[in-house]
Amino acid sequence: MITVFPEKDSSLIKRIFEDKNIPYNEKSGLVSAKFGDEVLGLCLYYLDEKKIEILYIEPTDDIMLADGILRSALHVASERFIFDARYGENTDSEIFNKLGFIKNAQKRTLDIDKLFGGCHCQK
């Protein structure tokens with residue numbers, strides 16, 4: 001069974017941020033998809049009291065898995081009543097476009113309301 005959940009271990013989160021060459025700080029978070037102990041994908045983000053910023057997501061070649069991972073990360077924010085979702089300046093927007101989550105490409109905003117609907121993935 002595949003599980004997708006936010007990681008709680010701050011040392012693991014820090015290590016993965018470092019592995020991806022993304023600065024780690026107190027806002028850093030990670031959602032991972034696993035099959036047993038095997039990591040199938042992940043999403044790195046910054047989350048504060050106002051917004052979530054998606055910094056990295058993989059895989060990008062398995063659209064359904066990427067959709068589930070992104071939705072799980074956005075769900076973490078929505079549980080805290082945070083609905084301002086963005087993707088980082090250095091983040092490839094193509095995956096968000098394929099998933100149908102881009103709200104405004106110039107402002108790099110994501111439509112978190114799509115979290116509550118079905119997948120609108122484009123292949």
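Sequence order as written defines residue numbering, which begins from 1 separately in each chain. Restriction of local features to residues with pLDDT of at least 70 applies here, the model being predicted, together with a cutoff of 80 or more for giving and counting side-chain atom pairs; totals for whole chains, interfaces and linings are based on all residues. Only hydrogens and water are set aside when side-chain values are computed; all heavy atoms of the structure are taken into account.

Visitor: Tell me about helix α1 (residues 10-19), and name the residues and values.
Guide: Only protein chains enter the accessibility calculation, which uses a 1.4 Å probe. A residue is then buried if its area is under 20% of the maximum for its type, exposed if over 50%, and partly exposed in between. A run of DSSP states H or I qualifies as a helix once it reaches four residues; a run of E qualifies as a strand once it reaches two. Both are numbered from the N-terminal end. Residues of α1 that are buried include every one of L12, I13, I16 and F17, and no others. All buried residues of α1 fall inside an arc of 135° around its axis, so they share one side. Among the exposed residues of α1, those oriented more than 90 degrees off its buried face are S11 and D19. Close packing links the buried residues of α1 with β2 (28-35), β3 (38-47) and β4 (51-58). The arc in question is formed by the directions pointing from the helix axis toward the C-beta atoms. We call two residues in contact whenever any of their non-hydrogen atoms come within 4.5 Å of each other.

Visitor: Break down the sheet that holds strand β7 (residues 109-110) for me, citing the residues and quoting the values.
Guide: Pairs of strands are assigned from DSSP output, requiring at least two bridges between the strands. Read across the open sheet, the 7 strands follow the order β1-β2-β3-β4-β5-β7-β6; overall the sheet is mixed. Each of the sheet's edge strands pairs with one partner strand only, and the pair in question is β1 (2-6) and β6 (102-104). Judged from the 2 bridges that link them, β6 and β7 form a sheet pairing that is antiparallel. From the neighbouring strand, N104 faces β7, where its bridge partner is T109. Running over the sheet, α1 touches β2, β3 and β4 and is turned about 95° from β2. Convention adopted: a line fitted to C-alpha atoms gives each axis, helices being fitted over their contacting stretch, and angles between N-to-C directions are expressed from 0 to 180 degrees.

Visitor: Can you break down the packing of aromatic side chains residue by residue, with the values?
Guide: Any two rings among Phe, Tyr and Trp, with Trp reduced to its six-membered ring, count as a pair given centres within 6.5 Å; such a pair is stacked if its planes are under 30 degrees apart, edge-to-face if over 60, and tilted if neither. Scanning the entire structure with this criterion turns up 3 aromatic pairs. Their ring planes at 80° and their centres at 6.0 Å tell us that F17 and Y24 sit as a pair that is edge-to-face. Take F17: its relative accessible area is 0%, and that puts it in the buried class. Using a relative accessible area of 33% as the deciding quantity, one classes Y24 as partly exposed. An angle of 25° between the planes, with centres 5.0 Å apart, marks the rings of Y87 and F96 as stacked. By relative accessible area, Y87 is classed as buried at 4%. Linked through ring pairs, F17, Y24 and Y46 together constitute an aromatic cluster.

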